[in-house]
Amino acid sequence: TGGTMYIDGGKPLPGRIETTLKNLSEIRPTVLYNVPRAYDLLLPHWEADDAFTKHLFGDLDCIFYAGAGMPQASWDRLEALAIKARGKRIPLFTALGSTETSPPATVARGSMMPTTW
C-alpha cells in the first residue's frame, strides 16, 4: 500500500519535545509511534490547541506506544482528544518484542479498537 516514514529528531524530554511538535505540525500522519512519556509531554500542547489537534488527528488511523505501560490518565486524555478532533475513538496499540530487531512478539490492542476493524 506504500507510505512514508518520518523519523522525529525530538526527544521525550522537557525542552526537547518542541522538535516533535514542529515536526508533527508539518505532516498529517496516519500512525503515531512513541513512548508513553512523549505522549504525556505532548498532551498539554494538543489539549491547548484545537486547530493543531484537528490537523494532527485528521488522518490518524492508530496510535502506537511501547517501552512502558500507558498510564490510564494518558489513555483517557488521548481518547478524549480523538473524540473531540474526529468525533470517534482512535485505536491504541502496544507490543512486546525486541526493540533492537523491531518485530513484535506480541501485539495488543485496547478497548478503543472499533469492532469493524
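Residues numbered from 1 in each chain as written. Predicted model: local features only at pLDDT ≥ 70, side-chain atom pairs only at ≥ 80, totals over all residues. Heavy atoms only, no water.

Peer 1: Now, about the overall build of the protein: what can you tell me, with residues and values included?
Peer 2: Each helix and strand in the protein was counted, giving four helices and four strands. A total accessible area of about 7,200 Å² is found for the protein, and carbon and sulfur atoms account for 55% of it. (Helix = DSSP H or I, 4+ residues; strand = E, 2+ residues; numbered from the N terminus. Areas by Shrake-Rupley, 256 points an atom, 1.4 Å probe, with all protein chains shown as cover.)

Peer 1: Got a sec to walk through the environment of Thr-53? Specific residues and values, please.
Peer 2: Structurally, Thr-53 is set in helix α3 (residues 50-57). Here Thr-53 falls in the buried class, since its relative accessible area comes to 3%. Sequence separation between Thr-53 and Ala-85 is 32 residues; the distance between their C-alpha atoms is 6.4 Å. Sequence-distant contacts of Thr-53, that is, excluding residues within four places in its chain, are made with Trp-46, Glu-47, Gly-58, Leu-81 and Ala-85. (Buried < 20%, exposed > 50% of the residue type's maximum accessible area, 1.4 Å probe, protein only. Contact = heavy atoms within 4.5 Å.)

Peer 1: I'd love a proper account of the environment of Ala-51, names of residues and values included.
Peer 2: One can find Ala-51 in helix α3. Residue classification places Ala-51 among the exposed positions, given a relative accessible area of 56%. Residues Ala-51 and Ala-85, spaced 34 residues apart in sequence, show a C-alpha to C-alpha distance of 8.8 Å.

Peer 1: For the pattern of salt bridges, give the residues involved together with the corresponding values.
Peer 2: Counting across every chain of the model gives five salt bridges. Note that Lys-22 is salt-bridged to Glu-26, the shortest N-O span being 2.7 Å. With a gap of four residues between them, Lys-22 and Glu-26 both fall in helix α1 (residues 17-26), about one helical turn apart. The partner of Arg-89 in a salt bridge is Glu-79, with the nearest N and O atoms 2.8 Å apart. Of this pair, Arg-89 sits in the loop between α4 (72-86) and β3 (92-97) while Glu-79 is found in helix α4, placing the two residues 10 residues apart along the sequence. The class of Arg-89 is partly exposed, set by a relative accessible area of 44%. (Salt bridge = Lys/Arg side-chain N within 4 Å of Asp/Glu carboxyl O.)

Peer 1: Explain the packing of aromatic side chains to me, using residue names and the numbers behind them.
Peer 2: All told, the structure shown has four aromatic pairs when counted by the stated rule. Ring geometry for Tyr-33 against Phe-64: centres 5.4 Å apart, planes inclined by 55 degrees, an arrangement best described as tilted. With Tyr-33 in strand β1 (residues 31-34) and Phe-64 in strand β2 (residues 62-65), the pair connects residues that are 31 residues apart, well separated along the chain. Using a relative accessible area of 58% as the deciding quantity, one classes Tyr-33 as exposed. Consider the rings of Tyr-65 and Trp-75, whose centres lie 6.2 Å apart with planes at 85 degrees: the pair is edge-to-face. (Phe/Tyr/Trp six-rings, centres within 6.5 Å; stacked < 30°, edge-to-face > 60°.)

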